[in-house]
Structures are given as structure tokens and as C-alpha cells.
Amino acid sequence: MLLRILELVGIATFAASGALVGVTKRLDVFGVCVMGVFTALGGGIVRDVLIGVHPPTSLVSPANLGTAFGVSFVVMFLHSVVTKMRRQILVLDALGMGLFASTGAVVALDHGAGALAASLVGATTAIGGGVLRDILVNEVPLLLQREFYAVPALIAAALVGVVVDLGLPTDIGLVVGTAFAFVLRVVSLWRGWGLPTARVHE
Amino acid sequence: MLLRILELVGIATFAASGALVGVTKRLDVFGVCVMGVFTALGGGIVRDVLIGVHPPTSLVSPANLGTAFGVSFVVMFLHSVVTKMRRQILVLDALGMGLFASTGAVVALDHGAGALAASLVGATTAIGGGVLRDILVNEVPLLLQREFYAVPALIAAALVGVVVDLGLPTDIGLVVGTAFAFVLRVVSLWRGWGLPTARVHE
Amino acid sequence: MLLRILELVGIATFAASGALVGVTKRLDVFGVCVMGVFTALGGGIVRDVLIGVHPPTSLVSPANLGTAFGVSFVVMFLHSVVTKMRRQILVLDALGMGLFASTGAVVALDHGAGALAASLVGATTAIGGGVLRDILVNEVPLLLQREFYAVPALIAAALVGVVVDLGLPTDIGLVVGTAFAFVLRVVSLWRGWGLPTARVHE
């Protein structure tokens, strides 16, 4: 139950981030909603396509769709307020990222994936929506450039695999993975961490 | 039979629109054909990947492939003529959009999707090719920006779901969905309808 | 065995080409590795999604992932050396392209695809990674523009279908397809072949 609520919080946050990008790019109301829905649900859809869940879970869940759509629609009108909540959104987004990476790994394990595939599928679940968002509006995905974002997602999903491999209950994996990714991401934002780029002599 | 002919007309129209974009972007003959084929068949391929039809229907249909490829190839040489037929192409494109949304919804229902998922899969079938086309040539998808295009597609697919839910034959759903989307799109073109964008204070 | 080694050589070459683009675009170390891994494994993942192999083979193969990741990581530091090996990389890349197109067609045939679908799936396997690479960094895919690249891939995959249709062993198809695509591509590079673009009167 708590898990489900957190999941919807994650979806709402991802939708808000996608819708904000849509507003910035001057898309119409439909475009803004598509951006929000894709960002919120895209990672899960890619996950389901990779592991063979047909049709993808998010397309059959009125709650997921309604949350993503509703939040996007509201952001359309309250975008100046939402923009000022940037700090809070980043924290909620870190929570959503950790949660999606962990649940993504669990879903993959449930469908017969090994630990390696589950880690990759979990990380894809967490970052897929943001990558789709950036591709749709014709930007090089932010997280390829300087964000310390995909690494915590990958670690979270891998942790879930390790916990389940140890024979511990899935729920412990979810908590450990989500908490770890969340803390790592928030600390990285707070300390301004980034990853090095190649030294190019020009 | 009529349905099949209309479907090929839709594929031909979508292929022409994709190939024209390829010509405009100065792609080579192969690139132009890829653009045409992707635009024409991309929506159906995404539909099949979402609902689990392997391999996607379009990849095993010589008629679909041949039509898409042949039209693209011809557009390569007759692009100046085709460009002048812009008005007729828009009308045929509206027909193809309505038809793809409706048949997409029917295929999804046939594969066990509920009404909600069928609506989304149907709309994706109709707009997927155009979105892929714009992503390939590095443009923000047109229909996110100002076209009244995806909304009729979504309504058409939802109508199919409603008709089938009422226990009426699938064929009636196809006719109702396609006709509704077609009329709505053509009227929107004629009256210059668009959707509002967010008010941004700069 | 030889096939497996050649496959890893192909993966390594594709990873190097993807990682180099990442370095050029000033991505961070994670972004460079993602570019390398996507370019190397993306075609195979798209192939598996199209024909219904869940989860995709590359996501469960430590050797494939390790090779792609390791090469990308090394390119991050040795990119100036790798850049100078451009000629050798092009030759190895031609080998990888032919091999991926041929093995992709074989995998599709093994999963019940007909000769037509197998040709298209094979070609997609060979060019999918490069297309994903270019989309991720916001470029119009190179091979749509002027490269004589997708045509040999398509011919190689079609040759595999013909050979298998004739009742000959799969291995002969692999050799014939790979060799043909390799030679065609290398000769096209050497002679500077390209495909014509449409004549546009401006």
C-alpha cells in the first residue's frame, strides 16, 4: 500500500518534470500532457517491452495514467508555481528514480531475468522516461552529460538483485535499493557531484 | 476487402509524407525510402511490439512493405508534383490516421487488451509513424506542437472500444472510429483549429 | 567459436565508434559508456524486441556487456589514439555490420520469421545501434544521409534468407552474407560510393 502510494508520487513527480519541459518548449496542451505521460510512464513501458509484458502495465492502469495525465494538465496552468518548487521536485524525483529502479529490477526478476539483466532493466526503468523526454524535444539526454543520476539507479537495481540472490525477501530489496539510490542522488545534488569527461585536446 | 484497400491507401499516404520530409532534408535515395517506410509502418510496428505480436505484421506483409517502399521511391523523383498535392495528401492522411487508430484499437482488443489500453495503443498506431519520422530527422514532433492530430486519433480509438464494449460488431467500431476521426481532422484543418499553449511570462 | 570471437570483435568495434561520438560530444564517463554500449548492443536489443526474445540476449550476456563497456571505458582515455585508427575501425566496422546482419537474419529465421521479415530484422540488427547512437546525440542518422551502409546490410540479410531457403546449412548463409556485405562495404569506402539524392530545384 505504502509502496503503491510512493509509486504514484514518483509518477506524479516524473510527469511534472516532463510537462515543465513541454511548457518551456511552447508545446500545446496536448503536447505538454504527452511529455508528462511519456516521462512518467515511458521507463516502465520500455521495461515491459524488454521483458515481454504485453500490453505494458502502465497502459492498463487507470491510476498510473490518470496521475500522469492529471499532473501534466495542472502543470500547464501552474507552471510558474511548479518551477519555484524546483528543489522539492528534485528530492521527490530522486525518490521516484530509486523506487522505479528497484521495482523495475523486481519485475524483471519475477519474469525470469537473471541478476545482470534485472540490474540493467531496473536502471532502464528509472532513466528511460527522462531519456525519451529529452529525445522528444530534441535535446541530448541530460543524464548523459553531467548528471549523477543513472549511476545511483544502476546501483539500486543491482542491490535488489544481490538482496534477492541472498534469499532475503523482495521487500527488503526494494527498501535497500530505493533508500540507497535516494541518499546517493540527494547527496550528489547537495555536493554538486558529477562524473569526469574525457580530456580533449583541441 | 475495402478495408484492406483503404489500409494500403493510408500506408501510401504516410509513406509519401515521410519520403517528402526525407527529400527536404537532402537524404540519399535509401534514406528517403527508410523515412517513407518508417513513417508508413512505424506506428503498426510500435503497436505490435506493445501488444506482443512477433514479428510485427508489417514486416511479414509484402503488400505493406512494397506499397511503402514503392511510393517512397516514386516520391524521390516526383517530389515537386507531390508537394503541389499538399491539400489532397492532408485529406488522405486524415483518412489514414482515423483508420490506423481504429484498426490499432481492434488489434489490441483482439490480443486481450482492455478498452483503456486499446485506446492508447490505437492512438499510438496512428501517430507513432509521424513521431518516428520527426525524431529521425531531428525535429520536435510536429503533432506535439500545434497540430490537432493526436486528439482525433485518441477519440477514434476510444470510440472503437466503446462500440465493442456495447457488444456491437467490430466493423461498426471501425467505421464509426475512422469516420469520426476523419471528419474531426478535416474540419480542424479547414477551420484552422489548434490547441492552446501555456501562458509563459517572459 | 570463431563466430563468437568475430561477434565480440564486432561488438568492440561498434562500442568504440559509439564511445568516440560520446567523447566528441563532451559527455561524462557514464554517458560515453552508455553511448558505447547502446551502439554495440542496441541493434541486437531491437532485433530481440521485434521477434519476441525476452529479455534481450545482450542483457543476459556478461561477455557482450563486458566487452561493450570495457571498450567504451578504454576509449574514454585513449580516444586520441583510437581516432587515429579510423581506417582500421572502418574495416572492422564493415565486418561487424555484415556479421550482425547475417546473425540477425538467422536468429529471426530461428524464431519463425519468413525470409522477408528475416531480411528486415537482420538489416535492423546491423544498423539499429548506429541509428540509436545518432538519435541519442541529436544527429540525423549518418547512414540516412550519404553512407553506403544499410544497403549491404540488407543484401547480406537477404542472402542468408536465400541460402537457408535453398536448404543449405545456416553456417554457409552466415559466411556468404557476412563476406558479401564486408566486401561491398569496403569497396564502397575505397571507391567513395554513395547513393543519389533527389534533385531539388531551389
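Residues numbered from 1 in each chain as written. Chains lettered and ligands numbered in written order. Predicted model: local features only at pLDDT ≥ 70, side-chain atom pairs only at ≥ 80, totals over all residues.

A. Fine view of the interface of chain B and chain C. Contact residues are listed per partner, giving 25 residues for chain B and 28 residues for chain C. A total of six residues in the side of chain B that touches chain C trace back to one element, the largest contributor, which is helix α2 (residues 29–51) of chain B. Class assignment of the residues belonging to the side of chain B that touches chain C gives a composition of 16 nonpolar, six polar and three charged. (Contact = placed C-beta atoms within 7 Å. Helix = DSSP H or I, 4+ residues; strand = E, 2+ residues; numbered from the N terminus. Nonpolar A, V, L, I, M, F, W, Y, C, P; charged D, E, K, R; others polar.)

B. Expanded view of helix α8 (residues 170–191) of chain C. Residue and element names in this part refer to chain C. Counted at 1.5 Å a residue, the expected span for α8 with its 22 residues is 32 Å, and the 31 Å between its end C-alpha atoms agrees. Those residues of α8 lying buried are G173, L174, G177, T178, A181, F182, L184 and R185. If you follow the buried residues of α8, they end up packed against α1 (2–24), α4 (86–110) and α7 (150–165). Among the residues trailing α8, G192 stands out with phi positive, at a value near 70°. (Expected span 1.5 Å × (residues − 1). Buried ≥ 20, exposed ≤ 12 C-beta atoms within 10 Å, placed from the backbone.)

C. Expanded view of the relation of the copies chain B and chain C. Overlaying chain B with chain C gives an RMSD of 0.0 Å, the required rotation being 120° about an axis along which the chain moves by 0.0 Å. What the superposition gives is, in effect, a three-fold axis relating one chain to the other. An overlap of only 16% is found between the interface residues of chain B and their copies at the interface of chain C, pointing to separate contact surfaces. (Least-squares fit on C-alpha atoms with pLDDT ≥ 70 in both.)

D. Structural context of the interface of chain C and chain A. Across the contact, 24 residues belong to chain C and 28 residues belong to chain A. Going through the elements one at a time, α2 (29–51), α3 (62–84) and α5 (115–136) of chain C are the ones with two or more residues in the side of chain C that touches chain A. Of the residues assigned to the side of chain C that touches chain A, the class counts are 16 nonpolar, five polar and three charged.

E. Local environment of the relation of the copies chain C and chain A. Expressed as a screw operation, the relation of chain C to chain A combines 0.0 Å of axial shift with a rotation of 120°, fitting to an RMSD of 0.0 Å. Comparing interface residues between copies, only 12% of those in chain C also lie at the interface in chain A; the contact surfaces differ.

F. Seen up close, the confidence of the model for chain A. The predicted model of chain A has a mean per-residue pLDDT of 88, with 98% of residues at 70 or higher. For this predicted complex, the interface confidence reaches an ipTM of 0.83, while the overall pTM sits at 0.88. (pLDDT = per-residue confidence, 0-100.)

G. Layout of helix α4 (residues 62–84) of chain A. Residues and elements named next belong to chain A. Bending of α4 peaks at approximately 95° at the position of L78. Taken as a whole, α4 has its buried residues at N64, T67, A68, V71, S72, V75, M76, H79 and V82. Where α4 is buried, its residues touch α1 (2–24), α2 (29–51) and α3 (57–60). (Bend = angle between axes of the 7 residues up to and from the residue.)

H. Structural view of the packing of helix α1 (residues 2–24) of chain B against helix α4 (residues 86–110) of chain B. Residues and elements named next belong to chain B. For the pair α1 and α4, the least separation of the axes is 8 Å and the interaxial angle reads 120°. Classified by the angle between their axes, α1 and α4 sit oblique to one another. Relative to α4, the crossing made by α1 is left-handed. Seen from α1, the contacting residues are L6, E7, V9, G10, T13, F14, A16 and S17; seen from α4, they are I89, L92, D93, L95, G96, L99, F100 and T103. The residue inventory of the contact of α1 with α4, partitioned by class, reads nine nonpolar, five polar and two charged. (Axes fitted to C-alpha atoms, helices over the stretch in contact; angles between N-to-C directions. Parallel < 35°, antiparallel > 145°, perpendicular 65-115°, else oblique. Left-handed = near helix turned anticlockwise from the far one by under 90°.)

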